[in-house]
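Close look at the chain arrangement
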Amino acid sequence: MILIFCVNCSIVSCVTEIPEHLLKRSRDRKTGDGASSSESGGTSGENVPAVQKAAAPAKTAKNTPSVVLAKPDSPRVAAAKSRKKIPFWAMATLSLLPLWGFLYAIALKPAEKVVEGPLAVGSQVYGGCAGCHGAAGQGGAGRILHQGEVMKTFPHIEDMLNFVYTGSQAYVAAGIKQYGDPKRAGGAHAPLSYNGNAMPQQGETYGGGLSEAEILGVVCHERYVVGGADPKSEQWAEEYETWCSPESEIFKALETGGTKFDSIAKDFSMMKEKPNEVGTKARASTAN
Ligand code: HEC
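Predicted model, so just to flag it, every value in this text is computed and none were measured.

**What to know about the environment of Ile176**
With respect to the element layout, Ile176 can be found in the loop between α12 (168–173) and α13 (212–226). Exposure remark for Ile176: the 17 C-beta atoms within 10 Å place this residue in the partly exposed category. Apart from the residues within four sequence positions on either side, Ile176 is in contact with Tyr171, Pro191, Ala282 and Ala284.

**Observations concerning the site of the ligand**
Neighbouring the ligand are 26 residues; Cys129, Cys132, Gly142, Ser168 and Asn197 lie closest to it. Those elements that provide at least two residues to the shell around the ligand are α9 (130–133), α10 (149–153), α11 (157–166) and α13. For the shell around the ligand, the per-class residue count stands at 13 nonpolar, 10 polar and 3 charged.

**So, the packing of helix α8 (residues 117–125) against α13**
Their axes nearest at 7 Å, the elements α8 and α13 cross at an angle of 90 degrees. It follows that α8 is roughly perpendicular to α13 by the angle criterion. In this structure, α8 contributes Pro118, Leu119, Val121, Gly122, Ser123 and Val125 to the contact, and α13 contributes Ala213, Glu214, Leu216, Gly217, Val218, Cys220, His221, Tyr224 and Val225.

**A closer look at the nonpolar core**
Counting 36 residues, the largest nonpolar core has Leu161, Leu216, Val219 and Trp243 as its most contacted members. Considering each element in turn, this core owes the most residues, 8 residues, to α13. Residues contacting Trp243, with those up to four places away along its chain left out, are Ile157, Leu216, Cys220, Ser248, Ile250 and Phe251.

**Some details on α8**
Side chains three or four residues apart in an α-helix point the same way, a direct result of the helix having 3.6 residues per turn. Listing the buried residues of α8 in full gives Pro118, Leu119, Val121, Gly122 and Val125. End-on, the buried residues of α8 take up no more than an arc of 165 degrees, which puts them together on one face. For α8, the secondary structure elements touched by its buried residues are α13, α14 (237–244) and α15 (249–256).

What counts and what doesn't
- Residues numbered from 1 in each chain as written.
- Predicted model: local features only at pLDDT ≥ 70, side-chain atom pairs only at ≥ 80, totals over all residues.
- Helix = DSSP H or I, 4+ residues; strand = E, 2+ residues; numbered from the N terminus.
- Buried ≥ 20, exposed ≤ 12 C-beta atoms within 10 Å, placed from the backbone.
- Contact = placed C-beta atoms within 7 Å.
- Near = placed C-beta within 6 Å.
- Nonpolar A, V, L, I, M, F, W, Y, C, P; charged D, E, K, R; others polar.
- Axes fitted to C-alpha atoms, helices over the stretch in contact; angles between N-to-C directions.
- Parallel < 35°, antiparallel > 145°, perpendicular 65-115°, else oblique.
- Core = buried A, V, L, I, M, F, W, Y, C linked by C-beta atoms within 7 Å.
- Arc of directions from axis to C-beta.

Rendered as C-alpha cells:
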C-alpha cells in the first residue's frame with residue numbers, strides 16, 4: 001500500500017511541476033523569437049544584424065530572465081499551475097488504509113465456536129474415550145459404540161450414566177453379572193466380557209476425572225453422535241429433550257451443582273417423563 005502511495009506521489013509531482021530545464025528552453029525560444037523579429041524589422045545595415053546576433057546571446061544569458069518572469073505564463077504553464085493537486089481529503093482517506101487493512105484482517109479471522117450444551121461438552125470429552133472406542137465408535141480396546149450398538153445395550157440413558165460413572169470393576173466388585181439391558185439383542189453384556197478388558201471408572205467417587213455434567217455430555221455424544229440415534233425420532237425425542245438438548249434442565253442443574261446423579265430422580269420427579277435413578281453405585285439395570 002505504501003509503495004503504491006509513493007509511486008502516486010512521484011507521478012503527480014511529475015505532472016504538476018514542469019522541470020526547470022524545460023521552462024528554460026521555452027524562455028530561450030521566446031527570446032530567440034524576439035531577436036529574430038527585431039532582426040527582420042531592423043535597420044538595413046549589413047553589420048548591424050551581425051552585431052545584434054552577437055549581442056543577443058549575451059543579453060539572453062544575463063538580462064532576459066527578469067523580463068521573462070514578468071511576462072504572463074504561457075498557456076501550458078498556466079494550465080499546469082491551475083491544475084488541481086491531490087485533494088486534501090484524498091490524503092486523509094489514504095492515510096486510513098492501514099487501519100482498514102487491520103480491521104479487514106480481524107474480520108477474516110473465523111469466530112471461535114461457542115461451546116455450550118451437553119453435546120458440545122461431550123464431543124470434547126470423547127477425545128479421552130476415542131483411544132479405546134475408536135474416533136467413530138468402531139471399537140478397539142473398548143466395545144463398539146456406533147451404528148446403534150450402544151443404544152441396544154442401554155435403552156435407558158440412566159443405566160449408561162451409572163455404568164460410565166462407576167466403570168466395570170465396580171460391577172464386578174458388587175457381584176453384578178450383567179450391565180445394561182438383560183434382554184439385549186445378541187445377549188446381555190457382562191462386565192469384563194470384552195477381551196477381559198475393563199471399562200475405566202470416570203466418576204469422582206472412584207477416582208475418575210470427569211464431573212457429572214461431563215459424563216452426561218459424553219454419554220449424550222455417544223448416543224446421538226457416535227451411536228447414531230436420531231434425536232427427532234419418536235423413540236428418542238423425549239430422552240433427547242430431557243437430557244441432551246442444549247435446553248436440558250438436568251444438564252444445567254448438573255453444571256451448576258443444583259442436582260447430582262444420586263438425587264436426579266427426586267429433583268426432577270415433577271417432569272412429565274420422570275427420570276429413573278442414576279446413582280453413583282454399581283447397580284442392576286433399570287431397563288425392562
Ligand atoms: C482404556 C480403554 C477405555 C477407555 C479409555 C474407555 N473405555 Fe469404555 N469400555 C472399555 C471396555 C474394555 C469396555 C467393555 C467393558 C466390559 O466388558 O466390562 C467398555 C465399555 C464401555 C461402554 C459399554 C458399551 C456396551 O455396549 O457394552 C460404554 C458406554 C463406555 N465404555 C463408554 C466410555 C466412555 C464414555 C469413555 C470415555 C469417558 C470410555 N468408555 C473410555 C474400554 C475403555
